[in-house]
Amino acid sequence: MSAENNTFLKNKNLIDGQWVDADGGETINVNNPATGEIIGTIPKSGKAETARAIEAAQKAFETFRKTSALERSKMLRKLHDVIMENQEALARLLTMEQGKSIVEARGEVGMSAGYVLWYAEEARRMYGDVVPSPWADRRIMVTKQPVGVIAAITPWNFPSSMLARKIGPAIAAGCTAVAKPATQTPYSGIAWGILCEMAGIPAGVVNILTGSASEIGGEITRNPHVKKVTFTGSTEIGKLLLKQCAGTVKKVSMELGGNAPFLVFNDADIDRAVEGAIAAKYRNSGQTCVCTNRFLVQSKVYKEFVEKFSAAASALKVGNGLEDGVQQGPLIDMNAVESVEAMIEDATKKGGKIVAGGKRHKLGGSFFEPTVIADAKPRMRFAKEEIFGPISPIFKFKDEEEGIAMANNTVFGLAAYFYTSDLGRMFRVSEALEYGLVGVNEGVITTVEAPFGGFKESGLGREGGHQGIEDYLESKYVCVGGLGL
């Protein structure tokens with residue numbers, strides 16, 4: 001299926017149920033990172049279009065908030081079914097604009113549907129409380145109600161599932177939404193507007209805008225009708241949005257940067273650790289916020305791990321994500337390539353040893369070789385900075401205490417992984433790691449049933465699990481008196 005005949009490739013924005021262009025007719029080209037070809041042009045919307053979308057969402061909220069939990073659950077179930085019925089078309093579109101392998105794209109679309117189904121079920125479980133009253137003639141109730149209009153800003157690395165984690169709970173709670181997908185990968189975001197129409201979700205409940213990040217984000221954060229902002233992206237931009245949201249005291253949830261450690265202890269199953277390491281590092285070409293940023297390997301197994309892991313990395317098939325068997329696609333753009341190269345240059349100047357990859361792939365463009373760097377040191381940039389590319393620096397540690405200290409030596413705290421066969425160590429280390437997600441003897445742990453979010457500068461709030469709907473709700477205390485009891 002080519003870009004031209006994909007049902008979900010729409011070069012419009014959705015505002016109040018109408019598919020529209022930017023007011024001034026300005027557009028932005030969208031490229032396929034694997035081929036460089038332009039696959040479409042999207043509207044370059046700004047402040048005025050955003051204000052109208054927020055107004056539409058506010059108007060829709062006045063009605064939508066009154067729908068029953070059962071009604072909203074049925075809408076989301078229908079949305080889930082529509083996503084799965086179109087999984088292949090959505091996956092191919094995702095691969096064309098983002099570059100990841102078609103297998104990964106199918107998985108992401110499937111997970112998007114999974115989040116929607118989960119919140120279809122959670123819509124009917126937004127329980128309140130009846131609290132024992134200290135007064136004989138009064139009753140105390142705590143109820144939950146939707147926060148109002150929410151704004152969702154999502155990144156290019158998971159352009160479908162990041163919106164699922166925001167739109168799903170928003171609809172379940174009775175909120176309405178204005179969503180801004182990333183400019184590099186807008187079509188998977190715009191597709192949500194089409195999917196919502198197909199599922200019968202009322203006009204104005206979900207609005208999709210593409211264009212100027214500063215103008216759209218500025219209007220979102222200053223507009224008093226927006227009651228909550230949910231953002232997935234860099235810590236730098238997250239901090240800026242937090243400052244801007246302070247002016248109107250909005251609820252916020254922030255899923256920000258990471259610097260995930262992957263610890264391998266002497267008693268680990270090395271073959272299993274290598275398998276998990278490949279999945280945790282090279283999925284989406286290393287362009288995920290939870291992918292391993294630092295491999296920390298205990299001294300006795302360091303050499304064995306480096307040899308086996310570098311061999312496995314070198315065996316990965318790189319290519320156009322639409323081709324069979326491809327395991328790693330291109331990086332999102334040439335800026336990403338140059339960033340990766342700068343990291344490698346810094347490491348080699350400071351004593352790092354390239355044992356696999358290390359350069360641009362022979363395919364050209366933004367393809368890059370899966371890279372492994374041994375003898376990594378704390379003074380190297382990737383010890384503190386997020387890589388967001390297919391580089392695996394491998395550090396050495398002596399004992400459990402040092403390994404934990406190295407793992408926690410970062411301002412980030414999103415995901416961490418470690419491998420051990422010692423049950424006591426499993427509990428000690430998992431409790432000591434300052435991270436919101438911890439994988440023990442597993443390299444891929446994200447699931448719709450569990451809360452996703454970080455400690456420290458990796459963010460605020462949680463997405464997924466039953467916890468993920470709380471940020472879309474307000475708790476209201478109602479005291480009923482004069483009962484004459």
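I will try to describe carefully the structure that is included in this document. (Residues numbered from 1 in each chain as written. Predicted model: local features only at pLDDT ≥ 70, side-chain atom pairs only at ≥ 80, totals over all residues. Heavy atoms only, no water.)

### Remarks on the pattern of salt bridges
A side chain of one charge can pair with a side chain of the opposite charge when the charged atoms of the two come close.
Thought 1: In the structure shown here, the tally under the stated rule is 22 salt bridges.
Thought 2: Residue Glu255 pairs with Arg165 through a salt bridge whose shortest N-O separation is 3.3 Å. With Glu255 in strand β11 (residues 251-255) and Arg165 in helix α5 (residues 161-173), this pair connects stretches of sequence that are 90 residues apart.
Thought 3: A residue is classified by how much of its surface remains accessible, and Glu255, at 4% relative accessible area, is buried.
Thought 4: For the salt bridge of Glu457 with Lys239, the shortest nitrogen-to-oxygen distance reads 3.0 Å. One end of the pair, Glu457, is in the loop between β20 (455-456) and β21 (459-460); the other, Lys239, is in helix α8 (residues 235-246), and 218 residues separate them in sequence.
Thought 5: Taking relative accessible area as the criterion, Lys239 reaches 40% and is therefore assigned partly exposed. (Salt bridge = Lys/Arg side-chain N within 4 Å of Asp/Glu carboxyl O. Helix = DSSP H or I, 4+ residues; strand = E, 2+ residues; numbered from the N terminus. Buried < 20%, exposed > 50% of the residue type's maximum accessible area, 1.4 Å probe, protein only.)

### Some remarks on the packing of helix α2 (residues 69-85) against helix α6 (residues 187-198)
Thought 1: Two numbers describe how α2 lies on α6: the axes approach to 9 Å, and their chain directions differ by 120°. Classified by the angle between their axes, α2 and α6 sit oblique to one another. When the axes of α2 and α6 are compared, the crossing they make is right-handed. Contacts between α2 and α6 involve Lys78, Leu79, Val82 and Ile83 from the former and Trp192, Leu195, Cys196 and Met198 from the latter. (Axes fitted to C-alpha atoms, helices over the stretch in contact; angles between N-to-C directions. Parallel < 35°, antiparallel > 145°, perpendicular 65-115°, else oblique. Left-handed = near helix turned anticlockwise from the far one by under 90°. Contact = heavy atoms within 4.5 Å.)

### So, the environment of Glu108
Thought 1: Within the fold, Glu108 resides in helix α4 (residues 102-122).
Thought 2: Taking relative accessible area as the criterion, Glu108 reaches 4% and is therefore assigned buried.
Thought 3: Along the backbone, Glu108 and Gln244 are 136 residues apart, and their C-alpha atoms lie at a distance of 31 Å.
Thought 4: Once you skip the residues sitting within four places of it in the chain, Glu108 turns out to touch Leu94, Lys100, Asn157, Phe158, Pro159, Ser160 and Ser161.

### Overview of the side chain of Ser310
Thought 1: Inspection of the secondary structure puts Ser310 in helix α10 (residues 299-314).
Thought 2: In this structure, Ser310 is in contact with Phe305, Val355, Ala356 and Val372, ignoring residues within four places of it in sequence.

### So, the sheet that holds strand β16 (residues 391-397)
Thought 1: Within the open sheet, the seven strands sit side by side as β14-β15-β16-β13-β12-β18-β19. Their pairing is mixed. In this open sheet, the two edge strands, each paired with only one partner strand, are β14 (353-356) and β19 (437-440). Along the sheet, successive strands turn relative to each other by an average axial angle of 25°, direction set aside.
Thought 2: Note: strand β12 (residues 260-264) against strand β13 (residues 292-298), five bridges, orientation parallel. (Pairing = 2+ DSSP bridges.)

### Brief notes about the pairing of β16
Thought 1: Counting buried residues along β16, six of its seven residues qualify, which places the element largely inside the surrounding structure.
Thought 2: Where β13 meets β16, four bridges bridge the pair, whose relative direction is parallel. Bridged to Gln298 within β16 is Phe397.
Thought 3: The pairing of strand β15 (residues 371-374) with β16 spans three bridges and is parallel. Opposite Thr371, over in β16, you have Ile391 as the bridge partner.

### Describing the environment of Lys251
Thought 1: Mapped onto the elements of the fold, Lys251 is located in strand β11.
Thought 2: Separated by 22 residues in sequence, Lys251 and Val229 have C-alpha atoms that sit 6.4 Å apart.

### Some remarks on the packing of aromatic side chains
Thought 1: Taken as a whole and assessed by the stated rule, the structure comprises eleven aromatic pairs.
Thought 2: A centroid spacing of 6.0 Å and a plane angle of 35° characterise the contact between Phe262 and Tyr417, whose relative ring orientation is tilted. Of the two residues, Phe262 sits in strand β12 while Tyr417 sits in strand β18 (residues 415-419), which places them 155 residues apart along the sequence. This pair shows no difference in class: Phe262 is buried, exactly as Tyr417 is.
Thought 3: Each ring, one from Phe295 and one from Phe309, has its centre 4.9 Å from the other, and the planes form 50°; the classification is tilted. With Phe295 in strand β13 and Phe309 in helix α10, the pair connects residues that are 14 residues apart, well separated along the chain. In terms of burial, Phe295 and Phe309 fall into one category: buried. (Phe/Tyr/Trp six-rings, centres within 6.5 Å; stacked < 30°, edge-to-face > 60°.)

### Focus on the side chain of Ser392
Thought 1: Mapped onto the elements, Ser392 comes out in strand β16.
Thought 2: Residue Ser392 is classed as buried on the basis of its relative accessible area, which comes to 0%.
Thought 3: When near neighbours in sequence (up to four residues on either side) are disregarded, Ser392 contacts Lys281, Tyr282, Phe295, Phe309, Thr371, Val372 and Ile373.

### As for a positive patch on the surface
Thought 1: A cluster of basic side chains, namely Lys74, Arg77, Arg124 and Arg125, defines a positive patch on the protein surface.
Thought 2: Along the chain, Lys74 falls in helix α2. (Patch = residues over 30% accessible without salt bridge, like charges linked within 9 Å, V, L, I, M, F, W, Y side chains within 5 Å. Areas by Shrake-Rupley, 256 points an atom, 1.4 Å probe, with all protein chains shown as cover. Lys, Arg positive; Asp, Glu negative; His and termini not counted. Charge placed at Lys NZ, Arg CZ, Asp CG, Glu CD.)

### What about the sheet that holds strand β22 (residues 473-480)?
Thought 1: Here we have three strands laid out as an open sheet, ordered β5-β6-β22, and antiparallel in their pairing. Looking along the sheet, the strands with just one partner apiece sit at the ends: β5 (129-131) and β22. Pairs of neighbouring strands in the sheet enclose a mean axial angle of 25°, with direction left out of account.
Thought 2: Note that strand β6 (residues 139-146) and β22 share eight bridges and pair antiparallel. Bridge pairing in β22 links Ile140 to Cys479.

### Concerning the nonpolar core
Thought 1: Counting 60 residues, the largest nonpolar core has Leu79, Ile83 and Trp192 as the members making the most contacts within it.
Thought 2: Sequence-distant contacts of Trp192, that is, excluding residues within four places in its chain, are made with Leu79, Ile83, Ser112, Val116, Ser160, Leu163, Ala164, Ile167 and Ile208.
Thought 3: Residues Ala268, Ile278, Val306 and Tyr419 belong to the second largest nonpolar core, which totals 32 residues. (Core = buried A, V, L, I, M, F, W, Y, C linked by side-chain atoms within 4.5 Å.)

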